[in-house]
Amino acid sequence: EAGVTQFPSHSVIEKGQTVTLRCDPISGHDNLYWYRRVMGKEIKFLLHFVKESKQDESGMPNNRFLAERTGGTYSTLKVQPAELEDSGVYFCASSQVSGRRLKDEQFFGPGTRLTVL
Amino acid sequence: AQRVTQPEKLLSVFKGAPVELKCNYSYSGSPELFWYVQYSRQRLQLLLRHISRESIKGFTADLNKGETSFHLKKPFAQEEDSAMYYCAPPNAGNNRKLIWGLGTSLAVNP
């Protein structure tokens, strides 16, 4: 089992361009989370999917960010157009069950480091 | 709103010394608290959660409701403990999103 995978590992783009990040959760995990760490700040929650449905997108910074999880499998996070402040490391995590203690451990991907110039 | 404070950005100790990484929280309802760790070039992983009351890699953490703290402790630090440690409780709702502290970078020197 490869665990949670993310692609690409690094992305360097110019301001105004579009970037799409991908996350493949562990097979069978219904819950998928996106988080972001901006340099010098806390890791912040972005959004949460249960299967293909967005359960909570309260952490999405603005409407330049669009997340999808078609078919309830992998997820994409698109930033369009990218701004300088979008630079950071984007983490994806998946868990089998939410709302049930001891069965909700989130397993993290390696992250995608996004640099916007 | 839930909030987590890790007051130390960097903690440096010598091998064999005791180590304590501090975490204070503000939380409505009955708190749950996790510690996550990220070793160099590895991904974030759950280290321990207070509800399990277990010791992982020699680390323990006790929830102190009076002091609203969940400090991570180890009596004898090892070089392989050098890593970034995050106190990250799940939110009180059902979606279990994690609320993160800034993290503490632990350096264990030989």
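Details of the structure are given in the entry above.
Residues numbered from 1 in each chain as written. Chains lettered and ligands numbered in written order. Predicted model: local features only at pLDDT ≥ 70, side-chain atom pairs only at ≥ 80, totals over all residues. Heavy atoms only, no water.

A. Representation of the layout of surface pockets within the structure. By volume, the largest pocket amounts to about 470 Å³. Looking at the largest pocket, it is lined by 19 residues, and the ones nearest its centre are Glu42, Ile43, Lys44 and Phe45 of chain A together with Ile99 of chain B. Sorting the residues of the lining of the largest pocket by element identifies strand S5 (43–50) of chain A together with strand S1 (3–5) of chain B as the ones contributing at least two each. Here the lining of the largest pocket gets four residues from one element, more than from any other, and that element is S5 of chain A. (1 Å grid on protein atoms, 1.4 Å probe; cavity = no way out; pocket = protein on both sides within 12 Å on 5 of 7 lines; lining within 4 Å. Points joined across faces, edges and corners; volume = space filled by probe spheres on them. Helix = DSSP H or I, 4+ residues; strand = E, 2+ residues; numbered from the N terminus.)

B. Structural view of unusual backbone geometry. Residue and element names in this part refer to chain A. With an omega of -5 degrees, the peptide bond between Phe7 and Pro8 qualifies as cis. Mapped onto the elements of the fold, Pro8 is located in the loop between strand S1 (5–7) and strand S2 (10–13). In this structure, the amide linkage connecting Gln80 to the following residue, Pro81, adopts the cis form with an omega of -10 degrees. The topology assignment puts Pro81 in the loop between strand S8 (75–79) and strand S9 (88–95).

C. Quick peek at the pattern of salt bridges. Residues and elements named next belong to chain A. Tallied over the full model, the rule gives nine salt bridges over all chains. A salt bridge links Glu57 to Lys54; the shortest N-O distance between them is 3.9 Å. For Glu57, a relative accessible area of 44% corresponds to the partly exposed category. Across the salt bridge formed by Asp86 and Arg64, the nearest N and O atoms sit 2.6 Å from each other. Here the residue Asp86 occupies a position in the loop between S8 and S9, and Arg64 occupies one in the loop between strand S6 (53–56) and strand S7 (65–68), the gap between them amounting to 22 residues. Considered together, Asp86 and Arg64 belong to a single accessibility category, that of buried residues. (Salt bridge = Lys/Arg side-chain N within 4 Å of Asp/Glu carboxyl O. Buried < 20%, exposed > 50% of the residue type's maximum accessible area, 1.4 Å probe, protein only.)

By themselves these figures say nothing about function.
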